[in-house]
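# A structural walkthrough
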Amino acid sequence: MTVETKPAAGTRRADGSAGDADYGRIGQGYASFRQPEPAIAALIEAALGPAASILNVGAGAGSYEPRGRDVTAVEPSASMRAQRPADIAAAIDAKAEKLPFPDGAFDASMTTFSVHQWQDLEAGLREMRRVTRGPVAILSCDPELVEAFWLSDYAPQVLATEARRYPSLARVAAVLGGQVEIVPVPIPLTCRDGFNEAYYGRPESFLDPRARSACSAWSFVGEAENAASIERLRADLESGAWDARYGALRSQPSFDGSLRLLVARP
């Protein structure tokens, strides 16, 4: 595994990826594991309110784009654009930091699991605010809570890297301004969206390299370290040690982790 590094400001990778992860390399099966979770989608829909026109920034494969509304998506990675389903509009090749739209072009805007990958967070957030008349909804993680997840026992470098990548919610809120609400997002046991905490009660999922590839944090840690992490987890699953510590999570209906929905209204 090649350890990811952020490209120089203003540059893009071979497939167009503009953030710190190379989706041309790790994103081929992304859409198979990162399906929209209905409970999370409902929170995003509520945050967007009655908006008719919506901008989705860093849209990826379009997981949480509301159906039945006028959605414009921007996504710099060709690999991710190619995985968008046929029932939604094709995404525009553009970066968060330079959105090709006039001021106030949209009723609302959104971005999910994206802000931590932008080359210039403040520029991207200012652009979202510039082109949006109403609410800006951002699904992200609180970096202060990321390492509290049990996976840190097995893959500490992965979660430490993840915590460093995510910007503080206060920093995001300060740039967007206006009235900002930060909503905790409970994660259901059967969560369809395969980010790390989604597997809180299904630890065997981490043994699948395709599932790990769909969580970009693993690509920032060396192959040997990741292999050692998985072997530690495999051994504890086989011995029953994981279940002795965390087995109750297998039947816990939801998990309150680091996932947060930030909603900024002007």
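Residues numbered from 1 in each chain as written. Predicted model: local features only at pLDDT ≥ 70, side-chain atom pairs only at ≥ 80, totals over all residues. Heavy atoms only, no water.

### Focus on the nonpolar core
Across soluble globular proteins, nonpolar side chains show a tendency to be buried alongside one another. Core analysis: the biggest nonpolar cluster contains 50 residues, and Ile40, Trp150, Phe206, Leu259 and Leu261 have the highest contact counts within it. Those elements giving two or more residues to this core turn out to be helix H3 (38-48), strand E3 (108-112), strand E4 (136-141), helix H6 (156-165), helix H9 (223-239) and strand E8 (259-265). With residues near it in sequence (within four places) discarded, Trp150 still touches Tyr199, Tyr200, Pro203, Phe206, Leu233, Trp242, Tyr246 and Leu249. Among the nonpolar cores identified, the runner-up in size contains 22 residues, and Ala96, Leu121, Ala173 and Ala264 belong to it. (Core = buried A, V, L, I, M, F, W, Y, C linked by side-chain atoms within 4.5 Å. Buried < 20%, exposed > 50% of the residue type's maximum accessible area, 1.4 Å probe, protein only. Helix = DSSP H or I, 4+ residues; strand = E, 2+ residues; numbered from the N terminus. Contact = heavy atoms within 4.5 Å.)

### Here we look at the confidence of the model for the chain
In low-pLDDT segments, the atomic positions of the prediction should not be examined closely. Of all residues in the chain, 89% attain a pLDDT of 70 or more, and the chain-wide mean is 91. Within the model, the stretch residues 4-8 combines pLDDT values under 50 with 19 contacts to residues more than four positions away or in other chains. (pLDDT = per-residue confidence, 0-100.)

### Thoughts on the sheet that holds E8
In spatial order, the strands read E2-E1-E3-E4-E8-E5; together these six strands make up an open sheet with mixed pairing. The sheet terminates laterally at strand E2 (70-74) and strand E5 (179-184), the two strands that pair on one side only. Neighbouring strand axes in the sheet, compared pairwise and without regard to direction, differ in orientation by 20° on average. Sitting on the sheet, helix H7 (residues 169-176) is in contact with E4, E5 and E8, with an inclination near 15° to E8. (Pairing = 2+ DSSP bridges. Axes fitted to C-alpha atoms, helices over the stretch in contact; angles between N-to-C directions.)

### Section: the environment of Ser140
Mapped onto the secondary structure, Ser140 falls in strand E4. Classification of Ser140 by relative accessible area gives buried; the value is 4%. For the pair formed by Ser140 and Thr111, sequence separation is 29 residues and the distance between their alpha carbons is 8.6 Å. Apart from the residues within four sequence positions on either side, Ser140 is in contact with Val115, Tyr166, Ser258, Leu259 and Arg260.

### Quick notes on the packing of helix H5 (residues 121-130) against H7
Running from N to C, H5 and H7 cross one another at 45°; their axes reach a closest spacing of 9 Å. Classified by the interaxial angle, the pair formed by H5 and H7 is oblique. When the axes of H5 and H7 are compared, the crossing they make is right-handed. Here Leu121, Glu122, Leu125, Arg126 and Arg129 of H5 lie close against H7, whose contacting residues are Arg171, Val172, Val175 and Leu176. (Parallel < 35°, antiparallel > 145°, perpendicular 65-115°, else oblique. Left-handed = near helix turned anticlockwise from the far one by under 90°.)

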